[in-house]
Amino acid sequence: MISPEIFYLHIHGEQLGPYTAPQIDHLLNSGLIAEETLYWREGLDQWQPVTSLVKLRRQRNRWLTPLLAVAILFAIGVLVQFFGSVAILGWREANQHEYTAKAAYWRARGVVRATALPPGIFVEFQHFSTSEVEMKPPAAATVHLKGEITEHDGHEHVLSWSVPMQFDPQAREWTGESPQEVAP
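Throughout what follows, the structure given in this document is the object of discussion.

About the thresholds
- Think of each chain on its own: its residues are numbered from 1, step by step along the sequence as written.
- Local features in this predicted model are restricted to residues whose pLDDT is 70 or higher, and side-chain atom pairs enter the listing and the counts only when it is 80 or higher, whereas totals over whole chains, interfaces and linings include all residues.
- Hydrogens and water are ignored here; the side-chain numbers use all heavy atoms of the structure.
- Each patch is built from residues lacking any salt bridge and having more than 30% relative accessible area; the joining distance is 9 Å for like charges and 5 Å for nonpolar side chains (Val, Leu, Ile, Met, Phe, Trp, Tyr).
- Accessible surface is estimated by sampling points in the Shrake-Rupley manner with a 1.4 Å probe; for residues, cover comes only from the protein chains shown.
- When a carboxyl oxygen of Asp or Glu is within 4 Å of a side-chain nitrogen of Lys or Arg, the pair counts as a salt bridge.
- Helix and strand assignments come from DSSP, with helices taken as H or I runs of at least 4 residues and strands as E runs of at least 2, each series counted from the N terminus.
- Relative accessibility decides the category of a residue: with a 1.4 Å probe and only protein chains considered, values under 20% of the type maximum give buried, values over 50% give exposed, and everything between is partly exposed.
- Whether two residues are in contact is decided by their heavy atoms, any of which lying within 4.5 Å being enough.
- N or O atoms closer than or at 3.5 Å make up a polar contact, with two conditions inside protein: a donor-capable atom paired with an acceptor-capable one, and, for residues adjacent in sequence, both atoms drawn from side chains.

**Overview of a nonpolar patch on the surface**
Residues Leu64, Leu68, Ile72, Leu73, Ile76 and Val80 make up a contiguous nonpolar surface patch of about 580 Å² in total accessible area. Position of Ile76 relative to the elements: it lies in helix α2 (residues 64-94). With relative accessibility at 44%, the residue Ile76 sits in the partly exposed group.

In C-alpha cells, the structure reads:
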C-alpha cells in the first residue's frame, strides 16, 4: 500500500526519512534544510524539490527586531535628554503637596511661569538656595524669585518676583496670587 503522507529527503547525498509534510514544512521554513533539497515518495518516478511540496514562507530578518528595539530606545533616549529636564521641572512646579519652603518655592515658579510671563518666553529660575522664602504659619508664604528671561528675539535680562502663596491643608495644595515684579 502506497502512503501519500510519507516522504523521504535527499540531503548531502543521503536518503533520510520518513517525514510527513508538516515535518518537511517545519524543516524548510526554519532553515534546517535548503530550498534546493529534494523529496521523494512511493509512486513518484524521480526526486522533486521540496518547494513543490510545501510553500516556502518568507523568513523574518533576524536582526530586524533587535535593530528596531535599539532604534526605539535611542529615540526615547534623545527625547528624554531633550525634554526630560523640562518635564521634571514642570512636574515639580505643579506637584507640591507639603507645607515647606521648598514646596512653596517650586509652586511659586509654576505660578510665575503661568501668570507673569507671556507665552513663548523662556525663563531659567535661580536655584532654591539663592531664593528667599518667608514662611507665614499656619498656611501662607511669600516667595522671592529671580530668573533670567530670554525674549523671542534672544535678548536676555534678569527679573525678580514676589509671589504671595497660600497652602490649603485639606487639599494639600499651594496656590499663588498674582506675582509682583520687583527690582532685582
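Okay, back to it.
**Quick word on unusual backbone geometry**
Here the bond from Gly17 into Pro18 is cis, since omega is 10 degrees, no more than 30 degrees from zero. The residue Pro18 is located in strand β2 (residues 14-19) in this model. Residues other than glycine seldom take positive phi values, yet His12 does so here, at roughly 50 degrees. As for its placement among the helices and strands, His12 is situated in the loop between β1 (7-11) and β2. We classify His12 as exposed; its relative accessible area is 79%. For Arg172, which is not a glycine, the phi torsion comes out positive at approximately 55 degrees.

**Some words on the environment of Gln96**
By the element assignment, Gln96 lies in the loop between α2 and α3 (101-115). The sequence separation of Gln96 and Trp174 amounts to 78 residues, and the corresponding C-alpha distance is 6.9 Å. Residues in contact with Gln96, not counting those within four places in the same chain, are Ala103, Trp106, Arg107, Arg172, Glu173 and Trp174. In terms of polar contacts, Gln96 uses its side chain to reach the backbone carbonyl oxygen of Arg92, at 2.8 Å.

What is shown is where atoms sit, not what they do.
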